[in-house]
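A look at the structure
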Amino acid sequence: MKRWIRASFDFIFRENLWKSVVLLMTIILITGAVFFTWNYPESKRTEFIVTAKEFKKNKINKDLTLTDEVVSESTKEDYLKKFKAFRAKMPKAEWNLTEKTLTDAEYDKALDNYYESYDLLSYWYGTGIINSMPSPPSKTKSLPYSMKKFMTNVINAQEIDTTDYDALITLIDKMEHFYSLSDKASSDTLFVKKFEDILSKSKNLTIDEMKSVEKLHLGITKTPLVFSMKKYNSVNERQSELFGLYEAAANGDITSERFVQLDSIAKRLRVKDTIRDTVTVLKVLKRVMEVDFSKLKEKGETGYDLETVCIDDFFKSGRYKYTKEDVIDKFNKYIGLYEKKLEAANLEKRARDILREENREDA
């Protein structure tokens, strides 16, 4: 026993051990001094500016250091060359004006037409057929199919900076793509009526995604697309559903692997599940493209793996039965339940993480 106690004292009071203790204490003291010195000065207010985009939107960015600086590889000359080449394809369109001033003769004629129909309009207003009386004609007339107005509306909707020539060229590329699918008749009217809405919402939609959507759409409808204002569009083209797919692709990150999954689901629906209705299949694919669990993913968990497992489980596991009439409703129900279980699993994992952290602190 005495030998053990003596050995313990010898170990405790060894010179090397005390040197190590003193060294460790010195390191801690120096670290504390550096940390104190680093945090001693008072904080200064972050320098900031109100950016042009913030002023335009009347809303500040959460990141105070964010500026409006645009780094564009393309130049203004590159954009103008691209723009002029596209404008030359539509020489009859109005590219310079958004409204025009009526001549005295045109204005007088418009007034005559208004007053000629005034009694009839008053009668309709009195009987409740119309809710309000139209205003007299204005000296200036808006040009609804002005391509200048069209470009301004789309650029504003996408919040494209006027010096972001890469984004402007991308917009022209998308317009050229739609033009290639049209019959070229009344192109200005076609762009305003059919393409302005999707282009306004398609800032994040790439040309490759547009082509992949069209390929997927063609594989289901078996009908080539021809956008037209003069010719009758076949109901088999399912253009409304196509624009829905465009919008879904614009709002999500649709990779080539995801299009492979979409194609396999379409084939399964049409062949194994015998759902022949193209509208139903296209609406199912749009809903599949919209599945996004990014808000429920853990820190560092990226990619589309979680969504892929979820979607394949519903359509390929064989556990769920559906028909043409209820497939979308049942898929929505399944997604809702999957999200609830995913959220519960995240909470359970966090509880285990907290318990493990407490156990580590105790240890």
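One can find the structure itself at the top, above this paragraph.
The rules behind these values
Residues numbered from 1 in each chain as written. Predicted model: local features only at pLDDT ≥ 70, side-chain atom pairs only at ≥ 80, totals over all residues. Heavy atoms only, no water. Helix = DSSP H or I, 4+ residues; strand = E, 2+ residues; numbered from the N terminus. Rg over C-alpha atoms; globule rule 2.2 N^0.38 Å. Contact = heavy atoms within 4.5 Å. Lys, Arg positive; Asp, Glu negative; His and termini not counted. Charge placed at Lys NZ, Arg CZ, Asp CG, Glu CD. Patch = residues over 30% accessible without salt bridge, like charges linked within 9 Å, V, L, I, M, F, W, Y side chains within 5 Å. Areas by Shrake-Rupley, 256 points an atom, 1.4 Å probe, with all protein chains shown as cover. Salt bridge = Lys/Arg side-chain N within 4 Å of Asp/Glu carboxyl O. Buried < 20%, exposed > 50% of the residue type's maximum accessible area, 1.4 Å probe, protein only. Phe/Tyr/Trp six-rings, centres within 6.5 Å; stacked < 30°, edge-to-face > 60°. Lys NZ or Arg CZ within 6 Å of the ring centre and 35° of its normal. Polar contact = N/O pair within 3.5 Å; in protein donor to acceptor, adjacent residues only side chain to side chain. Axes fitted to C-alpha atoms, helices over the stretch in contact; angles between N-to-C directions. Parallel < 35°, antiparallel > 145°, perpendicular 65-115°, else oblique. Left-handed = near helix turned anticlockwise from the far one by under 90°. Nonpolar A, V, L, I, M, F, W, Y, C, P; charged D, E, K, R; others polar. Core = buried A, V, L, I, M, F, W, Y, C linked by side-chain atoms within 4.5 Å.

**Remarks on the overall build of the chain**
Counting its regular elements, the chain contains 15 helices and two strands. Its C-alpha atoms give the chain a radius of gyration of 33 Å, clearly above 21 Å, the size a compact globule of 363 residues would have. Each principal axis of the C-alpha distribution contributes one length, and for the chain these read about 125 × 60 × 50 Å. The contacts of the chain with a sequence gap of at least 6 include a subset with a gap of at least 24, amounting to 69%. Distance from the positive charge centre (62 side chains) to the negative charge centre (59 side chains) of the chain: 4 Å.

**Observations regarding a nonpolar patch on the surface**
Taken together, the side chains of L120, W124 and I129 define a hydrophobic patch exposed on the protein surface, amounting to about 290 Å² of accessible area. As for its position among the elements, L120 is in helix α6 (residues 118-127). Take L120: its relative accessible area is 43%, and that puts it in the partly exposed class.

**Section: the environment of V281**
By the secondary structure assignment, V281 is in helix α13 (residues 278-290). A sequence separation of 47 residues divides V281 from I328, and the C-alpha atoms of the two residues are 9.3 Å apart. Among residues more than four places away in sequence, those in contact with V281 are I220, A266, L269, R270 and I275.

**Digging into the packing of aromatic side chains**
For any pair of aromatic rings, the description consists of the separation of the ring centres together with the inter-plane angle of the planes. Under the defined criterion, the tally for this structure stands at 25 aromatic pairs. Geometrically, the ring pair formed by F86 and Y179 is edge-to-face, given 6.0 Å between the ring centres and 80° between the ring planes. One end of the pair, F86, is in helix α4 (residues 76-87); the other, Y179, is in helix α8 (residues 165-180), and 93 residues separate them in sequence. Neither F86 nor Y179 differs from the other in exposure class; each is buried. Between the aromatic rings of F191 and F195, the centroid separation amounts to 5.1 Å while the plane-to-plane angle is 80°, which identifies the pairing as edge-to-face. One end of the pair is F191 and the other is F195, both in helix α9 (residues 187-200) and four residues apart, which spans about a single turn. The exposure class of F195 is buried, given its relative accessible area of 0%. In this arrangement the basic side chain of K184 is found over the ring face of Y179, its NZ or CZ atom lying 5.1 Å from the centre.

**Some words on the pattern of salt bridges**
Scanning all chains against the criterion turns up 13 salt bridges. For the salt bridge of K330 with D326, the shortest nitrogen-to-oxygen distance reads 3.5 Å. In the salt-bridge network here, residues are joined through shared partners; they are K82, K89, D173 and E176.

**Examining the environment of T255**
By secondary structure assignment, the location of T255 is in the loop between α11 (239-251) and α12 (256-272). Separated by 3.3 Å, the side chains of T255 and E257 make a polar contact.

**Here's the deal with the packing of helix α7 (residues 147-157) against α8**
Direction vectors running N to C along α7 and α8 enclose 120°, while the axes themselves pass 12 Å from each other. On the basis of their axis angle, the class for α7 and α8 is oblique. Judged by the sense of rotation from one axis to the other, the crossing of α7 with α8 is right-handed. Note on element contacts: α8 touches α7 through L168, L171, I172 and M175, opposite M147, F150, M151, V154 and I155. Residue composition of the contact of α7 with α8, by class: nine nonpolar, no polar and no charged.

**Some thoughts on the nonpolar core**
Core analysis: the largest hydrophobic core is formed by 69 residues, its most contacted members being M151, M175 and F315. If we skip the residues at most four places from it in the chain, M151 touches Y79, F83, W95, L171, I172 and M175.

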